[in-house]
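Now for the letters of each chain:
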Amino acid sequence: MEHYAELLIGGPWYKRFPSWRDAAATLLVLAIVILLGSGAHQMVAPLVAAQQPEISLSPSALPVYALRTTMRMLAALVASLIFTFIYATPAAKSRRAETVLIPLLDVLQSVPVLGYLSFTVVFFVSLFPGTSLGPELAAIFAIFTAQAWNMAFSFYQSLITVPADLDEASRGFRFTGWQRFWRLEVPFAMPGLVWNMMMSMSGGWFFVVASEAISVGKFQMALPGIGSYVALAIQQRELAGVGWAIVAMSVTILIYDQLLFRPLVAWADKFRFEQTAALVVPRSWVLDLFRGARLLRLLGEPIGRAVQSGGRARLALPRKSRWRLVFELPDRAGDVAWFGFLLAALAYVGWKLVQYAAPQLSWGDVTIAVSNGMLTLARVVILIVLATVIWVPIGVGVGLRPKLAEKVQPIAQFLAAFPANLLFPVAVYLIVKFALAPKIWLSPLMILGAQWYILFNVIAGASAFPSDFREAAASFRIRGWRWWRQVMLPGIFPYYVTGAITASGGAWNASIVSEAVSWGPTRLSGSGLGAYIAQMTEAGDYPRIALGVAVMSVFVITMNRLLWRPLYAFAQRRTRLD
């Protein structure tokens with residue numbers, strides 16, 4: 001009956017017996033399962049520290065390396081998605097939790113990948129001795145730190161800008177907190193979250209060399225993957241190896257774009273908040289194939305019903321116990337107690353850090369780190385301004401045209417994923433040949449990966465912009481600069497702020513691999529805080545690594561508090577799609 005009802009309303013017709021779509025979809029699913037299973041088996045193989053796997057520069061090894069790298073990135077992406085739901089939700093719903101979680105997220109975003117590896121790699125290796133799982137988890141965690149913060153900021157931005165009429169409708173239906181989360185907040189955030197998942201995947205590629213070719217002081221570990229392949233090619237000055245790595249990256253990005261992200265973009269389009277149907281919707285041949293495969297539809301229906309039942313379940317938080325109702329503090333007293341506790345905790349942590357670092361550091365070390373931080377700050381500000389001027393108009397143009405977005409999507413993913421390390425040969429050669437100043441000409445490498453956060457978020461904002469708003473603007477003949485100022489810029493502003501925050505943090509993070517570059521024995525340093533942390537990481541100087549990370553965190557938090565947080569509040573107050 002459901003099948004015939006769907007036909008009556010113009011839905012697709014599916015044959016009752018298996019077709020070529022069923023065979024193709026089944027083969028595709030089996031191939032993916034076999035590949036993932038093979039990659040997972042290799043990741044838990046036995047490992048002897050003295051006999052680490054040898055990295056080969058043969059192009060024939062790249063398919064296996066690409067599979068291993070993709071497995072690590074997908075594992076980190078799943079962990080990032082879980083972290084996003086758990087972390088961003090209380091930050092958006094609780095004022096007191098927000099005062100802790102959002103500044104903490106600023107700090108976590110500002111800590112470079114090398115900073116995490118410096119203090120976590122030994123922990124993961126010792127956690128699973130004798131197997132590859134320890135180093136694999138260290139690499140996955142490093143990639144996670146390049147993915148999670150962007151997604152958490154995106155979900156947080158969506159939760160604080162849920163339109164008032166949707167909020168009132170959920171209250172009218174008496175949704176519980178569980179139902180509201182899965183039936184309102186997650187669907188509303190999904191279009192922007194999918195684009196940020198793509199950006200996060202690309203961010204993982206950007207730091208794949210540091211994640212797979214682990215080098216912290218005397219500890220050296222190279223895991224089979226494209227990142228370690230690139231590191232070896234750079235060390236041996238093999239331009240052919242760099243070229244083969246670029247080809248492998250391109251093919252890998254194209255494959256998972258077609259099999260994962262393009263279907264997600266097409267599927268998430270149904271969650272766009274608008275009152276009129278979009279004129280053009282994104283399409284995916286993989287999604288169309290699965291929807292047309294009757295066998296997979298029959299197998300997936302029980303899973304779909306179970307997921308829908310779980311989202312619709314009237315689960316509620318337990319009621320406040322009687323003693324909490326009696327002793328619960330008023331708002332003002334509660335705030336005083338809460339902020340007093342936070343100040344005491346910060347004072348204790350600061351005192352412990354000073355106690356640890358004071359015997360080995362001096363005020364001269366602090367002065368050097370701060371002066372390097374000022375140089376990196378100037379670079380970040382200039383590069384973010386340039387990226388905004390260039391990519392906001394382009395992102396709006398792409399986001400408003402779904403067919404163009406389908407063509408631009410894999411290209412943008414590849415450019416965003418392009419590791420700065422692959423440009424080291426060109427950068428070093430040009431700077432040395434023309435006697436250029438490294439302090440100036442190494443700076444563009446910082447924005448190479450960070451600028452795409454702005455582009456992807458602007459595309460997400462323009463794609464989610466309601467068609468009825470655009471039609472109303474066209475009816476009132478709002479054009480030119482007035483259209484930008486009164487229609488489009490306010491519509492994409494929350495998304496732009498999210499992209500700018502993560503781009504700023506990404507630029508600080510990218511300074512680690514951009515301010516100190518090498519090509520074989522040739523090494524160039526552009527000075528700055530990134531070069532300082534990279535130098536101390538190579539030397540295994542943990543106190544000065546901690547000092548550099550702390551100074552970078554202070555700069556990022558100060559910038560966020562003085563600039564980006566007020567813009568976030570303005571976006572929440574003035575540019576909601578209500």
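This is a predicted model, so every value here is computed, not measured.

What counts, and at which threshold
- Residues numbered from 1 in each chain as written.
- Predicted model: local features only at pLDDT ≥ 70, side-chain atom pairs only at ≥ 80, totals over all residues.
- Heavy atoms only, no water.
- Core = buried A, V, L, I, M, F, W, Y, C linked by side-chain atoms within 4.5 Å.
- Buried < 20%, exposed > 50% of the residue type's maximum accessible area, 1.4 Å probe, protein only.
- Domains from an automatic or database assignment.
- Contact = heavy atoms within 4.5 Å.
- Salt bridge = Lys/Arg side-chain N within 4 Å of Asp/Glu carboxyl O.
- Helix = DSSP H or I, 4+ residues; strand = E, 2+ residues; numbered from the N terminus.
- Axes fitted to C-alpha atoms, helices over the stretch in contact; angles between N-to-C directions.
- Parallel < 35°, antiparallel > 145°, perpendicular 65-115°, else oblique.
- Nonpolar A, V, L, I, M, F, W, Y, C, P; charged D, E, K, R; others polar.
- Polar contact = N/O pair within 3.5 Å; in protein donor to acceptor, adjacent residues only side chain to side chain.
- Patch = residues over 30% accessible without salt bridge, like charges linked within 9 Å, V, L, I, M, F, W, Y side chains within 5 Å.
- Areas by Shrake-Rupley, 256 points an atom, 1.4 Å probe, with all protein chains shown as cover.
- Left-handed = near helix turned anticlockwise from the far one by under 90°.

Novice: Teacher, can you tell me more about the nonpolar core here?
Specialist: For soluble globular proteins, the rule of thumb is that nonpolar side chains tend to be buried together. Phe155 and Ile226 are the most contacted members of the largest nonpolar core, which totals 127 residues. Counting residues domain by domain, this core receives three or more from each of domain 1 (62-274) and domain 2 (361-578). Setting aside chain neighbours within four positions, we find isoleucine 226 in contact with Leu62, Tyr65, Ala66, Thr69, Trp205, Glu212, Ala245, Ala248, Met249 and Thr252. Residues Ala146, Phe207, Leu448 and Val513 belong to the second largest nonpolar core, which totals six residues.

Novice: I'm lost on the pattern of salt bridges in this one. Help?
Specialist: Where charged atoms from two side chains of opposite charge come close, those side chains can pair. In the structure shown here, the tally under the stated rule is ten salt bridges. Notably, a salt bridge pairs glutamate 136 with arginine 72, separated by 2.6 Å at the nearest N-O pair. In this pair, glutamate 136 is assigned in helix 6 (residues 133-159) and arginine 72 in helix 3 (residues 62-93), connecting sequence segments 64 residues apart. Across the pair, arginine 72 and glutamate 136 agree in class, each one buried. Here arginine 544 ties to aspartate 365 by a salt bridge, and the two come within 3.2 Å at their closest N and O atoms. Remark: aspartate 365 occurs in helix 16 (residues 363-399) and arginine 544 occurs in helix 24 (residues 542-574); sequence separation between them is 179 residues. By the burial criterion, arginine 544 is buried, and aspartate 365 matches it. Shared partners join several salt bridges into a network, and the residues in it are Lys93, Asp167, Arg171, Arg180 and Glu185.

Novice: Whenever I open this one, the side chain of threonine 70 confuses me. Can you help?
Specialist: Relative to the helices and strands, threonine 70 is located in helix 3. Contact partners of threonine 70, with chain neighbours within four places excluded, come to Thr252 and Tyr256.

Novice: Sorry, what's going on with the packing of helix 22 (residues 480-514) against helix 24 here?
Specialist: When two helices pack together, their arrangement is given by the angle between their axes and by how far apart the axes lie. Following both chains from N to C, one finds helix 22 and helix 24 inclined at 170 degrees, their axes separated by 9 Å at the closest point. When the axes of helix 22 and helix 24 are compared, the pair comes out roughly antiparallel. Each of Phe493, Pro494, Tyr496, Val497, Thr498, Ala500, Ile501, Ser504, Trp508, Ser511 and Ile512 in helix 22 lies in contact with helix 24, whose residues at this interface are Met552, Phe555, Val556, Met559, Asn560, Trp564, Arg565, Leu567, Tyr568, Phe570 and Ala571. Of the residues belonging to the contact of helix 22 with helix 24, the class tally is 17 nonpolar, four polar and one charged.

Novice: Whenever I open this one, the side chain of serine 200 confuses me. Can you help?
Specialist: Its place among the elements puts serine 200 in helix 8 (residues 177-206). Its relative accessible area of 0% is what places serine 200 among the buried residues. From its side chain, serine 200 meets the backbone oxygen of glutamine 147 in a polar contact 2.9 Å long. Among all residues touching serine 200, those that are not within four sequence positions of it are Leu77, Ala146, Gln147, Asn150 and Met151.

Novice: Before we go on, may I ask you to explain the environment of glycine 395 in this structure?
Specialist: Along the chain, glycine 395 falls in helix 16. Taking relative accessible area as the criterion, glycine 395 reaches 0% and is therefore assigned buried. Residues glycine 395 and valine 458 lie 63 residues apart in sequence; the distance between their C-alpha atoms is 5.2 Å. Beyond its immediate sequence surroundings of up to four residues, glycine 395 is in contact with Leu455, Val458, Ile459 and Ala462.

Novice: What is the right way to read helix 10 (residues 226-235) from this model?
Specialist: Residues three or four positions apart in an α-helix share a direction because the helix packs 3.6 residues into each turn. Most of helix 10 sits inside the fold, with eight of its ten residues counted as buried. Once helix 10 finishes, arginine 237 follows within two positions and takes phi at roughly 55 degrees, a positive value.

Novice: Would you explain the environment of leucine 127 in this entry?
Specialist: As for its position among the elements, leucine 127 is in helix 5 (residues 113-127). Overall, the relative accessible area of 44% leaves leucine 127 in the partly exposed class. Sequence separation between leucine 127 and leucine 137 is ten residues, and the spatial gap between their C-alpha atoms is 9.7 Å.

Novice: I would appreciate a short explanation of a nonpolar patch on the surface in the present structure.
Specialist: Taken together, the side chains of Val381, Ile382, Val385, Leu386, Val389, Ile390 and Ile394 define a hydrophobic patch exposed on the protein surface, amounting to about 610 Å² of accessible area. Tracing the sequence through the fold places valine 381 in helix 16. By relative accessible area, valine 381 is classed as partly exposed at 37%.

Novice: Could you clarify how one ought to interpret the packing of helix 6 against helix 22 in this entry?
Specialist: The contact between helix 6 and helix 22 brings their axes to 10 Å, and the two run at 155 degrees. Here helix 22 runs roughly antiparallel to helix 6, going by the angle between their axes. As for the relative orientation of helix 6 and helix 22, their crossing is right-handed in sense. The segment helix 6 lies against helix 22, with Asn150, Phe153, Ser154 and Gln157 engaging Pro494, Tyr495, Thr498, Ile501 and Thr502. Split by residue class, the contact of helix 6 with helix 22 holds four nonpolar, five polar and no charged.

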